[in-house]
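Spelled out, the chains give:
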Amino acid sequence: MTHYVAIIEDAGPDYAVGVWFPDLPGCTSAGDDIDEALRNAPEALELYAEGLRDDGQELPRPRTLTELKADPEVADDLKTYMVALVELPVRAHAAE
């Protein structure tokens, strides 16, 4: 099982909840609430992995939370927002 750290941005009831992955630039998910955004996140990972594969590229290795906390480009976001581990669906693994 491969898991990626996701950062969850909840801007309030008038906005969608956003999810993004520091290790996967451009890979995002959203939903009307946190639960929906997190339910949508594995599909975003899968589509991202398929896109890379179609382009002949490999999916980057997921960094640990400790590694991400040491990255100055991500550290403040980890302090400000919620985080979750999102599993890469098995179908995306099988194609790697």
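Residues numbered from 1 in each chain as written. Predicted model: local features only at pLDDT ≥ 70, side-chain atom pairs only at ≥ 80, totals over all residues. Heavy atoms only, no water.

A contiguous patch of negative charge, built from Asp10, Asp32, Asp33 and Asp35, is present on the exposed surface. Mapped onto the elements of the fold, Asp33 is located in the loop between β3 (28-31) and α1 (34-54). (Patch = residues over 30% accessible without salt bridge, like charges linked within 9 Å, V, L, I, M, F, W, Y side chains within 5 Å. Areas by Shrake-Rupley, 256 points an atom, 1.4 Å probe, with all protein chains shown as cover. Salt bridge = Lys/Arg side-chain N within 4 Å of Asp/Glu carboxyl O. Lys, Arg positive; Asp, Glu negative; His and termini not counted. Charge placed at Lys NZ, Arg CZ, Asp CG, Glu CD. Helix = DSSP H or I, 4+ residues; strand = E, 2+ residues; numbered from the N terminus.)

Within the largest apolar cluster, 19 residues are counted, with the highest numbers of intra-cluster contacts made by Val19, Phe21, Leu24, Cys27, Leu45 and Leu59. Among the secondary structure elements, those contributing two or more residues to this core are β1 (3-10), β2 (17-20), α1 and β4 (82-87). The element contributing the most residues to this core is α1, with 7 residues. Val5, Ile7, Val74 and Leu78 belong to the second largest nonpolar core, which has 5 residues in total. (Core = buried A, V, L, I, M, F, W, Y, C linked by side-chain atoms within 4.5 Å. Buried < 20%, exposed > 50% of the residue type's maximum accessible area, 1.4 Å probe, protein only.)

This part takes up the sheet that holds β4. Pairing is antiparallel across the open sheet formed by 4 strands, whose spatial order is β3-β2-β1-β4. The open sheet terminates on both sides in strands that have one partner only, identified here as β3 and β4. On average, adjacent strands in this sheet sit at an angle of 30 degrees to one another, irrespective of strand direction. The sheet contact formed by β1 and β2 spans 4 bridges and is antiparallel. (Pairing = 2+ DSSP bridges. Axes fitted to C-alpha atoms, helices over the stretch in contact; angles between N-to-C directions.)

Another point: α1. Spanning 21 residues, α1 covers 30 Å between terminal C-alpha atoms, matching the ideal 30 Å at 1.5 Å per step. Along α1, the sharpest kink reaches roughly 30 degrees, centred on Ala41 and followed within four residues by the proline Pro42. Every buried residue of α1 is listed here: Ala37, Ala41, Ala44, Leu45, Glu46, Tyr48, Ala49 and Leu52. With a side-chain oxygen positioned 3.2 Å from the backbone nitrogen of Asp35, the residue opening α1 is Asp33. Downstream of α1 by a residue or two, Gly56 has a phi angle that is positive, lying close to 75 degrees. (Expected span 1.5 Å × (residues − 1). Bend = angle between axes of the 7 residues up to and from the residue. Polar contact = N/O pair within 3.5 Å; in protein donor to acceptor, adjacent residues only side chain to side chain.)

Let's shift gears to the environment of Arg61. Its location among the elements puts Arg61 in the loop between α1 and α2 (65-69). Residues Arg61 and Tyr4, spaced 57 residues apart in sequence, show a C-alpha to C-alpha distance of 8.8 Å. At 3.2 Å, the side chain of Arg61 forms a polar contact with the side chain of Glu67.

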